[in-house]
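Structural description and commentary
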Amino acid sequence: MKRVALSGNYAVAYAVKMADVDFVAAYPITPQTPIVEKISEFIANGELEAEYVNVESEHSAISACVGASLTGARVFTATSSQGLAYMHEVLFMASSLRTPIVMANVNRALSHPLNIWNDHSDAMPERDCGWIQFWVESAQEAFDTTIQAFKIAEEVLLPVMVNLDGFILSHVYEAVELPDEELVRDYIPSKPLINRVSPKLSYTIGVVGPPEYYFEMKYQVLEAIERSRNNINNVNKEFSKIFGRKYGNINNYMMEDAKYALITMGAVTGTAKFVVNELRKKGEKVGLISIRCFRPFPMDEVIKLLEDVKGVGVLDRALTPGGPGHPLYTDICCALYNAKNKPIIQSFVGGLGGRDILVDDFIKMFEIVKEVSEEGRPKPCVYIGLRG
Amino acid sequence: MKTWKEIPIGAMIIEPGSSIEFDVTLWRVFRPVLDKNKCTKCGLCWIYCPEGAIMVKEDGSYEINLSYCKGCGICQKSCNVKAITMVREDEKSST
Amino acid sequence: MLEIRWHGRGGQGVVTAAEILAIAVINEGKYAQAFAAFGPERRGAPVLGFTRIDDNEISLRTQIYNPDIIVVLDSHICDMDGIEDGLKDNGIVVLNTTLKPEYYSEKFKNAKRIATVDATTIAIKEIGTPITNTAILGAVTKATNIVRLESIEKVIKERFRKEIAEKNIKAVREAFNQTIIFER
């Protein structure tokens, strides 16, 4: 074990190296580029034996990854924002062809106006493409989750997207514990995958799925991602035994006796944690839930954690224009609708296009949650820091 | 029909050459008939057939496998010596 | 927790300075974060960098608005309006300037300590270019007690090629020795 200072991006690159990836295809885009730069450096230096393919677009990057994955190779790619949007149609093929690709998506806003800063509007439109989605809070978690992602992907034969926030995580240097490479390689040994294409084994891939077959095919993906809940739980357990760090589908903080809570995703959870500590010092019973595994969505865990909570605020960092609510809020409402005891649920949107969510903003959110809980009904969505 | 559990993962067709099972005999209106006396064994029909339904025999002569012929007539058009004629399937008995 | 805001211009190594300090204190066993004002990087344009240091794991993910320490790598920028904004009471200021620290005691009203060093001259002499990030680290080390000089030197050795590292370490030591401190 080695304690080093790494940016979130480099933490991912080191995880990819230790996972002994065979194939990488990617196209540079801010704020993701340092990941693939570092990986190509590893390959050029001979520290990682892998094929790196320079492609002309993200659409080609993910297409090359699908092809490589079907040969049984361990495959990685990384992208952001417009790049992920450009991959959109192929993401569905990757999951339906059951290719265990691991992708780091460094979250960045979508144009227009052009914006390279952080929010969650790139990954949210990809909720329904059949990929497992993780969201991480720190460089350490980015490293650990990338390692886990390969194991989970190869067990359930589904692609996994590891989301890390652009700049506020991807470009922040912080302390990361890097385990010994052998330990990681023992943890995720290379194994032959089923349906492997080779010159000796010919399969027909990418078939037409007529009405008689399409439904069954899609149900396979649904069933696999549902089944992945077990694999993810086991991987988390095994990981904490070997590496000592504990992760769940949700990371909850001070929820044991919390009356009011916030639900967040990604790196801003850290700032929210800071605020929970401050409010706890003043005797406020507040807690925090961060959705780490967004797909499959941790319904049961959310219901259980919120059983005795009076009010909960849900912070979205992406919009669903014209929808019944913004993405995370809608999922939480859906999860809680049939729960016996449910809190008042208040929707918040903040931090779009890289606007900093400040300590005071989180304090305000907790105040609003408390206020609407006492009134017994939520306000319309509160847009944190919006002028006018 | 196969259930979702029985379909190979990723909807792959894992048996090679499965198109052999696909008989299109009933798809045709016209059937190609090859006159072996006129045929010069040039192989143009074999090249042009989009279904790969024309077979080369060991002696170099050609034969049309009607199980895979959809009756498109491309072989007839490609034949320079007019060795192939298209015959209506429903007039089979009268020819 | 200690929060540091770095001011400079693109190309002077502001972000590298923030990172070297963070890596040095992480190597000493503490926790730290280093980052730039998030966005595109342009040579010559004013740039902000940030470092957070704590004995415990740091969870905050915001930019730094109320720094304990302000460090300025560029002598033009020392006089810029607004760079004193948000400095905590009894804060520390480290400036690259040919002037004496007393000269800035009005601008940084609530600073308890102001340190100055002519980092540009040192950088030109030792490194051959006016890249002041390593020299200023010598001044930061002297003006604060957040890091040991050896820790900074070790990171520089790991980060740069041998000859370049040696020149930069000379600049760090030279700046450490030349730093003038004004205490209020």
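Residues numbered from 1 in each chain as written. Chains lettered and ligands numbered in written order. Predicted model: local features only at pLDDT ≥ 70, side-chain atom pairs only at ≥ 80, totals over all residues.

Contact with chain A, which involves 18 residues of that partner, is made by 11 residues of chain B. Considering each element in turn, the side of chain A that touches chain B owes the most residues, six residues, to helix α7 (residues 211–243) of chain A. Here the side of chain A that touches chain B is built from residues that sort into nine nonpolar, six polar and three charged. (Contact = placed C-beta atoms within 7 Å. Helix = DSSP H or I, 4+ residues; strand = E, 2+ residues; numbered from the N terminus. Nonpolar A, V, L, I, M, F, W, Y, C, P; charged D, E, K, R; others polar.)

So, about unusual backbone geometry. Residue and element names in this part refer to chain A. Looking along the chain, the bond that leaves Thr 30 and enters Pro 31 is cis, with omega of 0°. With respect to the secondary-structure elements, Pro 31 resides in the loop between β2 (23–26) and α2 (33–44). With omega at 5°, the peptide bond leading from Ser 111 into His 112 counts as cis. Within the secondary structure, His 112 is located in the loop between β5 (102–107) and β6 (132–135). We note that Leu 157 has phi near 55°; this positive angle belongs to a residue other than glycine. As for its placement among the helices and strands, Leu 157 is situated in the loop between α5 (139–156) and β7 (160–165).

As a further point, take helix α11 (residues 359–375) of chain A. The periodicity of an α-helix, 3.6 residues per turn, causes residues three or four positions apart to be oriented the same way. All names here are of chain A. For α11, built from 17 residues, the straight-helix expectation of 24 Å at 1.5 Å per residue is met to within 8% by its first-to-last C-alpha distance of 25 Å. Taken as a whole, α11 has its buried residues at Asp 361, Phe 362, Met 365, Phe 366, Val 369, Val 372 and Ser 373. The arc that holds the buried residues of α11, viewed along the axis, is 140°, so those residues lie on one side. Exposed and oriented more than 90 degrees from the buried face of α11 are Glu 374 and Glu 375. Gly 376, located one to two residues past α11, shows a positive phi value of around 90°. (Expected span 1.5 Å × (residues − 1). Buried ≥ 20, exposed ≤ 12 C-beta atoms within 10 Å, placed from the backbone. Arc of directions from axis to C-beta.)

Moving on, we get to the sheet that holds strand β1 (residues 2–7) of chain A. One open sheet holds the nine strands; their spatial order is β1(A)-β8(A)-β2(C)-β3(C)-β1(C)-β4(C)-β5(C)-β6(C)-β7(C), and the pairing between them is mixed. In this open sheet, the two edge strands, each paired with only one partner strand, are β1 of chain A together with β7 (180–183) of chain C. Shown here is a sheet whose adjacent strand axes are inclined to one another by a mean of 20°, direction ignored. (Pairing = 2+ DSSP bridges. Axes fitted to C-alpha atoms, helices over the stretch in contact; angles between N-to-C directions.)

Further remarks concern the interface of chain A and chain C. One widely used convention gives an interface's size as the accessible area the parts lose upon coming together. Every contact between the two is made by 20 residues of chain A and, on the other side, 18 residues of chain C. Every element with two or more residues in the side of chain A that touches chain C is listed here: β8 (173–178) and α8 (268–281) of chain A. In terms of residue count, α8(A) provides more of the side of chain A that touches chain C than any other element does, five residues in total. Its residues placed into classes, the side of chain A that touches chain C shows 13 nonpolar, four polar and three charged.

Moving on, we get to the packing of helix α2 (residues 119–126) of chain C against helix α3 (residues 133–143) of chain C. Between two packed helices, what matters for the description is the angle formed by their axes and the separation of those axes. Residues and elements named next belong to chain C. Contact geometry for α2 and α3: axes closest at 8 Å, N-to-C directions at 130°. Comparing their axes, α3 and α2 come out oblique. Seen from above, α2 lies across α3 with right-handed handedness. When α2 is examined against α3, the residues Ala 119, Ile 122 and Ala 123 are found in contact with a partner set consisting of Ala 135, Ile 136 and Ala 139. In the contact of α2 with α3, the residues fall into six nonpolar, no polar and no charged. (Parallel < 35°, antiparallel > 145°, perpendicular 65-115°, else oblique. Left-handed = near helix turned anticlockwise from the far one by under 90°.)

All names here are of chain A. Here six strands make up an open sheet; going across it, the order is β9-β11-β10-β13-β14-β15 and the pairing mixed. Strand pairing shows two members of the sheet lacking a second neighbour, β9 (250–253) and β15 (382–383), which therefore form its edges. Judged from the five bridges that link them, strand β10 (residues 260–264) and strand β11 (residues 286–291) form a sheet pairing that is parallel. Across the sheet, residue Tyr 260 finds its bridge partner in β11, namely Val 286. Running at roughly 145° to strand β13 (residues 311–316), helix α10 (residues 327–337) makes contact with β10, β11, β13 and β14 (344–349) of the sheet.

Further remarks concern the confidence of the model for chain C. Detail in the predicted coordinates should be disregarded across regions flagged by low pLDDT. On average, residues of chain C carry a pLDDT of 94, and 97% of them reach 70 or more. Confidence estimates for the predicted assembly give a pTM of 0.92 and an ipTM of 0.92. (pLDDT = per-residue confidence, 0-100.)

This part is about the nonpolar core. If you look at the biggest cluster of nonpolar residues, it comprises 185 residues, and the most contacted ones within it are Val160(A), Ala261(A), Leu21(C), Val94(C) and Ile136(C). When residues in this core are grouped by element, the largest group, 11 residues, is from helix α1 (residues 14–27) of chain C. Mapping this core onto the domain boundaries places at least three of its residues in each of domain 1 (2–243) and domain 2 (250–383) of chain A. Beyond its immediate stretch of four places on either side in the chain, Ile136(C) contacts Ala17(C), Val71(C), Leu73(C), Val94(C), Asn96(C), Ala119(C) and Ala175(C). Judged by nonpolar contacts, the second largest core, of 10 residues, contains Cys45(B), Cys49(B), Ile54(B) and Ala83(B). (Core = buried A, V, L, I, M, F, W, Y, C linked by C-beta atoms within 7 Å. Domains from an automatic or database assignment.)

All names here are of chain A. With respect to the helices and strands, Trp 131 occurs in the loop between β5 and β6. With 24 C-beta atoms packed within 10 Å, Trp 131 lands in the buried category. Here Trp 131 is in contact with Leu 91, Ser 95, Glu 126, Leu 158, Pro 159, Val 160, Met 161 and Arg 295, once residues within four sequence places are set aside.

Okay, the arrangement of the chains next. Ranking by contact count across two pairs of chains in contact places chains A and C at the top. There is no contact between chain B and chain C; across them, the least C-alpha separation is 41 Å.

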